[in-house]
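One-letter residues, chain by chain:
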Amino acid sequence: MVKNISVIGAGTMGNGIAHVFAQHDFNVALIDVSAPALESALATIAKNLDRLMTKGTLTEVEKKSTLANIQTFTDLKTGVATADVVVEAATENADLKLKIFKDLEAFTPPEAILASNTSSISITRIAAATNRPGQVIGMHFMNPVPIMKLVEVIRGYATSPEVTATVMDLAKKLGKMPTEVNDYPGFIANRILMPMLNEAIYALYEGVAGVEEIDTVMKLGMAHPMGPLQLADFIGLDVCLFILKVMQDGFGHPKYAPCPLLVNMVQAGHLGVKSGKGFYTYTAGSKDLLVAEQFRR
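Remember, predicted model here, so these are calculated numbers, not experimental data. The residue count restarts for each chain, going from 1 along the sequence in the order it is written. At least 70 in pLDDT is required for a residue's local features to be given in this predicted model, at least 80 for side-chain atom pairs to be given and counted, and no such filter applies to totals for whole chains, interfaces and linings, which use all residues. Values shown for side chains rest on all heavy atoms present in the structure; no hydrogens or waters enter the calculation.

**Student:** What is the right way to read the pairing of strand β8 (residues 177-182) from this model?
**Tutor:** Along any regular strand the residues' side chains alternate between the sheet's two faces. With 6 bridges joining them, strand β7 (residues 150-155) and β8 adopt parallel strand pairing. Residue pairing in the sheet places Val151 in a bridge with Pro178 of β8. Strand pairing is assigned whenever DSSP detects at least two bridges linking the two strands. Strands here mean DSSP runs of E at least two residues long; helices mean DSSP runs of H or I at least four residues long; both are numbered from the N terminus.

Following this line, the structure appears as structure tokens:
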């Protein structure tokens, strides 16, 4: 029975994943090399739990229980020593992930399932870094994790049916809707989403319409809750660029080539919400959406 979960990475995705597991009464070890990042993650989780209490969907007792279910570690070996399932949510960097999974091979119990929250890197490639490829799987949560229902469960070339079934069931226990997909570049979510975002950026680059106009068409015409350019900012333009390059390399097809405007913006450090400027500008404490000055008409 799965009871002990180790989550590697205390960033936006990692703290969200730790939150949902802890809220559903799993024992969670949240691991990060940075102690301040772990402190920040716990503060974020507490803030999100307070928001649920304000909405009346969580009690004070449940909040305390959720936080009590989380322990933090800066040492990977200690943090994964008793894990039934590890969910790696580190930076989207292939070399880093391969190193982590090699270490997990040595530090985790032999029967532990090793999952990655990667949004684009091949699960088969990650699994090949271990001697237990049948126990390696993708568990791609959507952001924000506590709210979004979808979990892409990605089967690598060697992932066993038993491990897939266990992870599908585990996602359901979190109140999520797991969807099983096979391991090809971009999986399903990003294989469809990223070309759409890239095409929206091309439409801006080619002067077809402005930032607000493009986003308005997709929100009002296609019933999207957020326009593609705002969504790209929210995801992180560097992340969008990385995923497009993974798909371009993986498929060898020019349709996945990132728009030159996207490349330039990332090189300039305009990464969206995380940097304060992308297609829109973002000011702390403000909910106003203001088009970045270089795109204003």
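**Student:** Would you take a moment to explain the pattern of salt bridges for this structure?
**Tutor:** Note that side chains of opposite charge can pair when their charged atoms are close. One speaks of a salt bridge when a side-chain nitrogen belonging to Lys or Arg is within 4 Å of a carboxyl oxygen belonging to Asp or Glu. This structure, assessed with the given rule, holds 9 salt bridges. Put simply, Lys63 and Asp50 hold a salt bridge, and the shortest N to O gap is 2.7 Å. Remark: Asp50 occurs in helix α2 (residues 35-54) and Lys63 occurs in helix α3 (residues 60-68); sequence separation between them is 13 residues. Burial status follows relative accessibility: with a 1.4 Å probe on protein chains alone, a residue under 20% of its type maximum counts as buried, one over 50% as exposed, and anything between as partly exposed. The buried category is assigned to Lys63, whose relative accessible area is 14%. Salt-bridge contacts for Lys99 lead to Asp103; the nearest nitrogen and oxygen are separated by 3.0 Å. Highlighted residues: Lys99 and Asp103, both in helix α5 (residues 94-107), separated by 4 residues, approximately one helical turn. According to the relative accessible area criterion, Asp103 is partly exposed, its value standing at 22%. Beyond isolated ion pairs, a larger network of salt bridges with shared partners links Glu88, Glu92 and Lys97.

**Student:** Explain a positive patch on the surface to me, please; I cannot follow it from the model alone.
**Tutor:** Together, Lys47, Arg51, Lys55 and Lys287 make up a region of like positive charge exposed at the surface. Within the secondary structure layout, Lys47 lies in helix α2. Residue Lys47 is classed as exposed on the basis of its relative accessible area, which comes to 54%. Only residues whose relative accessible area exceeds 30% and that form no salt bridge enter a patch; like-charged residues are grouped when within 9 Å of one another, and nonpolar side chains (Val, Leu, Ile, Met, Phe, Trp, Tyr) when within 5 Å. Areas reported as accessible are Shrake-Rupley estimates using a 1.4 Å probe. Residue values count occlusion only from the protein chains shown. For the charge count, each Lys or Arg is scored as positive and each Asp or Glu as negative, with His and the chain ends excluded. Charge positions come from single atoms, namely NZ of Lys, CZ of Arg, CG of Asp or CD of Glu.

**Student:** Would you take a moment to explain the domain arrangement of the chain for this structure?
**Tutor:** Where the parts come together, the accessible area they lose is often given as the size of the interface. Where each domain begins and ends is defined by an automated method or by a domain database. Domain assignment breaks the chain into domain 1 (4-182) and domain 2 (188-295). Using C-alpha coordinates to define each centre, domain 1 is positioned 27 Å away from domain 2. Should any heavy atoms of two residues lie within 4.5 Å, those residues are counted as being in contact. Each side of the interface is counted separately: domain 1 has 10 residues, and domain 2 has 7 residues. Roughly 640 Å² of surface becomes buried between domain 1 and domain 2 when both sides are summed, with 64% attributable to carbon and sulfur atoms. When two parts are brought into contact, each loses some accessible area as probed by a 1.4 Å sphere; the total of that loss over both is the buried area.

**Student:** What exactly am I supposed to notice about the packing of aromatic side chains here?
**Tutor:** Two descriptors summarise a pair of aromatic rings, namely the distance from one centre to the other and the angle between the planes of the rings. The criterion for an aromatic pair is that two Phe, Tyr or Trp rings (for Trp, the six-membered ring) have centres within 6.5 Å, with stacked assigned to planes under 30 degrees apart, edge-to-face to planes over 60 apart and tilted to the rest. Counted by the stated rule, this structure contains 5 aromatic pairs. Ring centres 5.4 Å apart and planes at 90° place the aromatic pair Phe21 and Phe26 in the edge-to-face group. Classification of Phe21 as buried rests on a relative accessible area of 0%. Each ring, one from Phe279 and one from Phe295, has its centre 5.6 Å from the other, and the planes form 35°; the classification is tilted. With Phe279 in the loop between α12 (260-267) and β9 (280-281) and Phe295 in the segment after β10 (290-291), the pair connects residues that are 16 residues apart, well separated along the chain. For Phe279, a relative accessible area of 0% puts it in the buried group.

**Student:** Got a minute to help me understand the environment of Val181 in this structure?
**Tutor:** Assignment of secondary structure puts Val181 in strand β8. In sequence terms Val181 and Leu261 are 80 residues apart; their C-alpha atoms lie 31 Å from each other. Non-local contacts of Val181, meaning those with residues more than four positions away in its chain, are made with Glu152, Val153, Ile154, Arg155, Phe187 and Ile188.

**Student:** Any chance you could explain the sheet that holds β8 here in plain terms?
**Tutor:** Two orientations exist for strands paired in a sheet by backbone hydrogen bonds: parallel and antiparallel. With mixed pairing, the 8 strands of this open sheet are ordered in space as β3-β2-β1-β4-β5-β6-β7-β8. The sheet terminates laterally at β3 (70-73) and β8, the two strands that pair on one side only. On average, adjacent strands in this sheet sit at an angle of 25° to one another, irrespective of strand direction. Sheet topology places strand β2 (residues 27-31) next to β3; 4 bridges connect them, and they run parallel. When the sheet's bridge partners are listed, Ala29 is paired in β3 with Gln71. Between N-to-C directions, angles cover 0 to 180 degrees, with each direction set by a line fitted to C-alpha atoms, over the stretch in contact for helices.

**Student:** Help me understand the UniProt feature "domain: 3-hydroxyacyl-CoA dehydrogenase C-terminal" (unreviewed entry) in the chain, please; the structure alone is not making it clear to me.
**Tutor:** Taking the UniProt record as the reference, the feature "domain: 3-hydroxyacyl-CoA dehydrogenase C-terminal" (unreviewed entry) is found at residues 186-282. Segment residues 186-282 splits into 62% helix and 2% strand. End C-alpha atoms: 28 Å apart. UniProt positions are given in the numbering used here, feature names are shortened, and annotations may be inferred rather than shown by experiment.

**Student:** For this particular structure, what's the right way to read the environment of Ala200?
**Tutor:** By the element assignment, Ala200 lies in helix α8 (residues 189-205). For the pair Ala200 and Gly227, spaced 27 residues apart in the sequence, the C-alpha separation amounts to 9.3 Å.

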